[in-house]
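Structural description and commentary
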Amino acid sequence: MRYCARCLYPENAKPYIIFDDAGVCSGCRVAEAYELVDWDARGKALAKLLAEYKEKARAGGAHYDCLIPVSGGKDSHFQVHLVKNVYGLNPLLVTYNHLFNAPLGVRNLENLFVKMNCDLLRFSSNLETVRKISRYMLKKCGDLTWHYHAGILSLPIQVAAKFRIPLVIWAENNFSNLVGTFNPDDMVEFSRKHRKDFGLRGIEADELINEQSGLTHQDIAPFLYPPDEEIEAVGVRGIHLSNFVRWNEPEQALAMHKMYDFQPAKAGRDRTFNRYAKLDDLHANGAHDYLKYLKFGYGRATDDASTLIRLGLLTREEGIALVARYDHIRPKDLDVWLHFVGMSEDEFVASVDAQRDPSIWDRDADGRWRAVDSVVNHASDTGIEEARPPLRRNGGFEFPEGHYDINDAGALLEFYKGYKYL
Ligand SMILES: [Zn+2]
């Protein structure tokens with residue numbers, strides 16, 4: 001396997017990645033391009049755009065100036081901070097309750113609701129539908145949180161159309177930024193197509209209706225994109241704040257902690273050193289991400305370390321040490337998911353057998369899978385020194401100690417047995 005000479009991504013990174021002649025990946029090149037953006041000009045463009053929508057909404061007698069899809073995490077806090085408290089709009093917050101809530105996520109969502117003083121619409125899918133989708137999509141494409149992505153990328157658009165709110169404000173275009181699908185000059189906006197390609201793995205909800213899944217027309221309402229005529233009648237448009245504000249995850253998370261008491265996780269997460277991202281979904285950094293490792297041989301520590309390497313906050317060598325420590329770890333929250341859907345661990349692991357990348361995984365005579373490559377084997381490939389970005393950390397980056405152990409499996413299982421899904 002070929003690995004980027006700058007960050008830690010393999011050539012099989014999803015959705016797709018390309019390498020240039022210097023051995024540097026498209027994600028790194030796009031991150032470099034973002035460093036050259038005139039952020040002052042972009043900030044002014046954002047101020048103008050928000051002022052126009054606010055004026056239009058109020059002139060037309062609308063109750064809300066815009067809609068912000070939220071999970072309650074660091075990005076949600078930052079989006080609402082900027083839109084409401086800096087630019088003075090009245091947003092409607094919309095959250096899709098995927099049911100895989102970690103206690104820390106519930107706490108942070110409540111914190112957002114209380115501290116920001118906004119109206120919040122929370123839609124919860126029913127238990128049986130989530131069970132069916134999660135089981136079925138694990139087997140179909142190795143994704144047990146498909147409903148989460150489909151819900152948060154569809155439901156807010158349905159609400160925008162029904163409530164007649166034309167402006168939807170997203171955070172980062174993160175599905176494509178990691179691997180560098182769009183340049184900053186593209187000013188890419190949210191669309192039905194990007195949502196399907198990057199968020200829904202190319203699968204629309206009605207394709208899930210069949211005998212094997214047990215899903216019916218009645219189960220898929222939150223995952224449908226409104227018809228074109230409804231979108232056009234309201235003029236629904238979705239912008240990404242990362243096109244207007246220089247995106248720096250750790251810096252923003254720390255600021256949201258200090259300003260609004262957004263809480264990070266305790267040290268000791270199973271599969272990443274990152275304590276401030278993906279805290280709301282129990283499985284996002286756990287079983288869901290473990291599947292990525294079982295299929296492609298890399299996991300969240302690769303994503304998180306690569307982001308910090310591009311920001312100049314981590315060296316490639318430090319990143320490799322983190323990958324060696326985290327990417328292969330079996331997460332404890334897997335027990336919770338197996339309990340929820342009623343599946344054995346053998347069935348879970350076997351369900352991705354056919355999706356394992358043969359250039360990473362080899363099966364021995366006894367049927368055991370073995371990873372034959374990793375970025376750990378590529379610490380001194382050619383081109384690394386030439387591709388090295390400047391370090392920008394001033395005396396290191398310290399995040400405060402968190403109070404919540406997101407991976408305490410015993411507590412999580414108790415939490416779930418009590419059916420505390422809201
Ligand atoms: Zn790279």
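My aim in this report is to walk through the structure given alongside it, one point at a time. Everything quoted here is computed from the prediction, not taken from an experiment.

1. Describing the pattern of salt bridges
Inspection of every chain in the model, using the stated rule, returns 32 salt bridges. Here Arg2 makes a salt bridge to Glu11, at a shortest N to O gap of 3.0 Å. With relative accessibility at 36%, the residue Glu11 sits in the partly exposed group. A salt bridge links Arg29 to Glu32; the nearest nitrogen and oxygen atoms lie 3.2 Å apart. Here the residue Arg29 and the residue Glu32 both occupy positions in helix α1 (residues 26-35), the gap between them amounting to three residues, near one helical turn. Judged by relative accessible area, Glu32 falls into the partly exposed class, the value being 33%. In this structure, a network of salt bridges that share partners links the residues Arg271, Asp289, Lys292, Arg300 and Asp303.

2. Regarding the coordination of the zinc ion
At 2.3 Å from the zinc ion lie its protein donor atoms, namely Cys4 (SG), Cys7 (SG), Cys25 (SG) and Cys28 (SG). Taken together, the four donor atoms surrounding the zinc ion define angles of 102 to 114 degrees at the centre, an arrangement classified as tetrahedral. For the zinc ion, the donor residues sit on a single chain with the sequence spacing C-x2-C-x17-C-x2-C. You can see Cys4 sitting in the segment before α1 and its partner Cys25 sitting in the segment before α1, a full 21 residues away along the chain. On the basis of relative accessible area, Cys25 is assigned to the buried category, the value being 0%.

3. A word on the nonpolar core
The tendency in soluble globular proteins is for nonpolar side chains to be buried side by side. Counting residues in hydrophobic clusters, the biggest one holds 68 residues, and the most contacted among them are Leu46, Val80, Leu167, Ile169, Trp337 and Phe348. Among residues more than four places away in sequence, those in contact with Leu46 are Leu82, Tyr87, Ile239, Leu241, Phe244 and Val245. Core analysis: the next-biggest nonpolar cluster, separate from the first, contains 33 residues, Tyr148, Val159, Phe190 and Val236 among them.

4. With respect to helix α11 (residues 287-296)
The buried fraction of α11 amounts to ten of the ten residues, a majority that puts the element mostly inside the structure. Taken together, the buried positions of α11 are occupied by Ala287, His288, Asp289, Tyr290, Leu291, Lys292, Tyr293, Leu294, Lys295 and Phe296.

5. Observations regarding the packing of helix α5 (residues 127-141) against helix α14 (residues 333-341)
Between α5 and α14, the shortest axis-to-axis distance is 10 Å and the interhelical angle comes to 115 degrees. One element, α5, and the other, α14, form an angle in the roughly perpendicular class. Relative to α14, the crossing made by α5 is left-handed. Between α5 and α14, the contacting residues are Leu127, Val130, Arg131, Ser134, Arg135 and Leu138 on the first element and Trp337, Phe340 and Val341 on the second. Of the residues that constitute the contact of α5 with α14, the class distribution is six nonpolar, one polar and two charged.

6. With respect to unusual backbone geometry
Cis geometry is found at the peptide bond from Lys14 to Pro15, where omega equals 0 degrees. Take Pro15: it is sitting in the segment before α1. At Arg164, a residue that is not glycine, the phi angle is positive and equals roughly 55 degrees. Considering the arrangement of structural elements, one finds Arg164 in the loop between α6 (146-163) and β4 (167-170). Although it is not a glycine, Lys278 sits at a positive phi angle of roughly 50 degrees. The residue Lys278 is located in the loop between α10 (249-260) and α11 in this model.

7. Thoughts on the packing of aromatic side chains
A full pass over the atoms with the stated rule returns twelve aromatic pairs. With a centroid separation of 6.2 Å and 10 degrees between ring planes, the pair formed by Tyr34 and Trp39 is classed as stacked. With respect to class, Tyr34 is no different from Trp39; both count as buried. On the basis of an interplanar angle of 90 degrees and a centroid distance of 5.7 Å, the ring pair of Phe100 and Phe340 is categorised as edge-to-face. Here Phe340 lies in helix α14 and Phe100 lies in the loop between β2 (91-97) and α4 (103-116), a separation of 240 residues in the sequence. A connected cluster of aromatic rings, assembled from ring pairs, spans Tyr96, Phe123, Trp146 and Phe223. Here Arg356 stacks its cationic end above the ring of Trp361, 4.6 Å away from the centre of that ring.

Cut-offs applied
Residues numbered from 1 in each chain as written. Predicted model: local features only at pLDDT ≥ 70, side-chain atom pairs only at ≥ 80, totals over all residues. Heavy atoms only, no water. Salt bridge = Lys/Arg side-chain N within 4 Å of Asp/Glu carboxyl O. Buried < 20%, exposed > 50% of the residue type's maximum accessible area, 1.4 Å probe, protein only. Helix = DSSP H or I, 4+ residues; strand = E, 2+ residues; numbered from the N terminus. Donors = N, O, S within 2.8 Å, 3.2 Å for Na, K, Ca; no water. Tetrahedral: all angles 85-135°; square planar, octahedral: opposite > 155°, others 65-115°. Core = buried A, V, L, I, M, F, W, Y, C linked by side-chain atoms within 4.5 Å. Contact = heavy atoms within 4.5 Å. Axes fitted to C-alpha atoms, helices over the stretch in contact; angles between N-to-C directions. Parallel < 35°, antiparallel > 145°, perpendicular 65-115°, else oblique. Left-handed = near helix turned anticlockwise from the far one by under 90°. Nonpolar A, V, L, I, M, F, W, Y, C, P; charged D, E, K, R; others polar. Phe/Tyr/Trp six-rings, centres within 6.5 Å; stacked < 30°, edge-to-face > 60°. Lys NZ or Arg CZ within 6 Å of the ring centre and 35° of its normal.

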